[in-house]
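As a plain string of letters, each chain reads:
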Amino acid sequence: MQEFLNWTIDTIREDRLLGSWLEEKKFEWTSIVSKFTGNLIDGNCSVIIITDSEREWFLEYILSNINSPKEGRPFFPFYDFRSIYKKFGKMSSEMEIDLLKDMLSISFPNGYCFWYIGKSNHPRANIAKVTNNSFMWIMDENIQNAFNLQSTDEAVDFKLLQMFRLLNRTLSSVLFAEISTDC
């Protein structure tokens, strides 16, 4: 079983579709991804994906590709938050978020985590920010325990696709015990 950081570096270097910029952020990446994959695979968590309005295309991309039969692995429990709770764009108080979290605890008794992709100041980000085990790809703010990007980067969409590619490969490697979730 290969060590997580070394596997990540090797994969970034060997996969011609992954940008070298990911290697520069390898410590930030491995820190949050190892925790996320551990929650998903070892903790049996379901993943509820939330994006800001500009990244809804990426949510569709994730859901269309994460459980593709060509991956040759069991399906992972990834869900579109919009299909769970239609009014989430109108949530305005902590009490509403607490009620939502109560509902999700009942719906997902083995646990769940949020995966948020988007701008930090978007109202939907608050749902993920108030939950301890959220997996966040945040734009335009440096937040600890999140992967930070800039929405003004003209390559941000390509970077998201590269990040998904690396994450998807990571999930397979962790699932098939090629690497450990320990950093």
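Residues numbered from 1 in each chain as written. Predicted model: local features only at pLDDT ≥ 70, side-chain atom pairs only at ≥ 80, totals over all residues. Heavy atoms only, no water.

## As for the overall build of the protein chain
Argument step 1. Along the backbone of the protein chain there are eight helices and five strands.
Argument step 2. What you see in the protein chain, going N to C, is helices and strands ordered as α-α-α-β-α-β-α-α-β-α-β-β-α.
Argument step 3. In terms of overall dimensions, the protein chain has C-alpha extents of about 45 × 35 × 30 Å along its principal axes.
Argument step 4. Expressed as a percentage of its 183 residues, the buried residues of the protein chain come to 51%.
Argument step 5. Considering only contacts within the protein chain whose residues lie at least 6 apart along the sequence, 64% involve residues at least 24 apart.
Argument step 6. Charge centroids of the protein chain, computed over 19 positive and 25 negative side chains, lie 4 Å from each other. (Helix = DSSP H or I, 4+ residues; strand = E, 2+ residues; numbered from the N terminus. Buried < 20%, exposed > 50% of the residue type's maximum accessible area, 1.4 Å probe, protein only. Contact = heavy atoms within 4.5 Å. Lys, Arg positive; Asp, Glu negative; His and termini not counted. Charge placed at Lys NZ, Arg CZ, Asp CG, Glu CD.)

## Here we look at the packing of aromatic side chains
Argument step 1. One pass over the full model with this rule turns up 20 aromatic pairs.
Argument step 2. Taken together, a centroid distance of 5.5 Å and an interplanar angle of 75 degrees make the contact between Tyr112 and Phe114 edge-to-face.
Argument step 3. Note on Phe135 and Trp137: the rings are 5.7 Å apart at their centroids and 70 degrees apart in plane angle, and the pair reads as edge-to-face.
Argument step 4. The exposure class of Phe135 is buried, given its relative accessible area of 3%.
Argument step 5. The lysine or arginine in question, Lys25, covers the ring of Phe147, its NZ or CZ lying 4.8 Å from the ring centre.
Argument step 6. The cationic tip of Lys159 hangs over the ring face of Trp21; the distance from NZ or CZ to the ring centre is 4.9 Å. (Phe/Tyr/Trp six-rings, centres within 6.5 Å; stacked < 30°, edge-to-face > 60°. Lys NZ or Arg CZ within 6 Å of the ring centre and 35° of its normal.)

## Considerations on the environment of Glu60
Argument step 1. Looking at where Glu60 falls in the secondary structure, it is placed in helix α4 (residues 56–65).
Argument step 2. The residues contacting Glu60, other than those within four sequence positions of it, are Asp80 and Arg82.
Argument step 3. A distance of 2.5 Å separates a polar atom in the side chain of Glu60 from a polar atom in the side chain of Arg82. (Polar contact = N/O pair within 3.5 Å; in protein donor to acceptor, adjacent residues only side chain to side chain.)

## Remarks on the nonpolar core
Argument step 1. Counting 37 residues, the largest nonpolar core has Leu22, Trp29, Phe78, Trp115, Trp137, Phe147 and Leu167 as the members making the most contacts within it.
Argument step 2. For Leu167, the residues in contact, after removing those within four places along its chain, are Trp29, Val33, Phe36, Trp115, Phe135 and Trp137.
Argument step 3. By size, the runner-up hydrophobic cluster in this structure holds 17 residues, among which are Ile48, Phe81, Tyr116 and Ala128. (Core = buried A, V, L, I, M, F, W, Y, C linked by side-chain atoms within 4.5 Å.)

## Observations concerning the packing of α4 against helix α8 (residues 156–175)
Helix-helix packing is characterised by the crossing angle of the two axes and by the distance between the axes.
Argument step 1. At a minimum axis separation of 11 Å, α4 and α8 run at an interaxial angle of 25 degrees. By the angle class used here, α4 and α8 are roughly parallel. In terms of crossing hand, the pair formed by α4 and α8 is right-handed. Judged by residue contacts, Trp57, Phe58, Tyr61, Ile62 and Asn65 of α4 engage Asp157, Leu160, Leu161, Phe164 and Asn168 from α8.
Argument step 2. Looking at the contact of α4 with α8 residue by residue, the classes come out as seven nonpolar, two polar and one charged. (Axes fitted to C-alpha atoms, helices over the stretch in contact; angles between N-to-C directions. Parallel < 35°, antiparallel > 145°, perpendicular 65-115°, else oblique. Left-handed = near helix turned anticlockwise from the far one by under 90°. Nonpolar A, V, L, I, M, F, W, Y, C, P; charged D, E, K, R; others polar.)

## Focus: the packing of helix α1 (residues 4–14) against helix α3 (residues 26–42)
Argument step 1. Taken N-terminus to C-terminus, the directions of α1 and α3 make an angle of 120 degrees; their axes are 10 Å apart at the nearest point. Here α1 is positioned oblique relative to α3, judged by the angle of their axes. Of the two elements, α1 crosses α3, and the hand of that crossing is right-handed. Here α1 contributes Phe4, Leu5, Thr8 and Ile9 to the contact with α3, which in turn contributes Lys26, Phe27, Trp29, Thr30, Val33, Ser34 and Thr37.
Argument step 2. Here the contact of α1 with α3 is built from residues that sort into six nonpolar, four polar and one charged.

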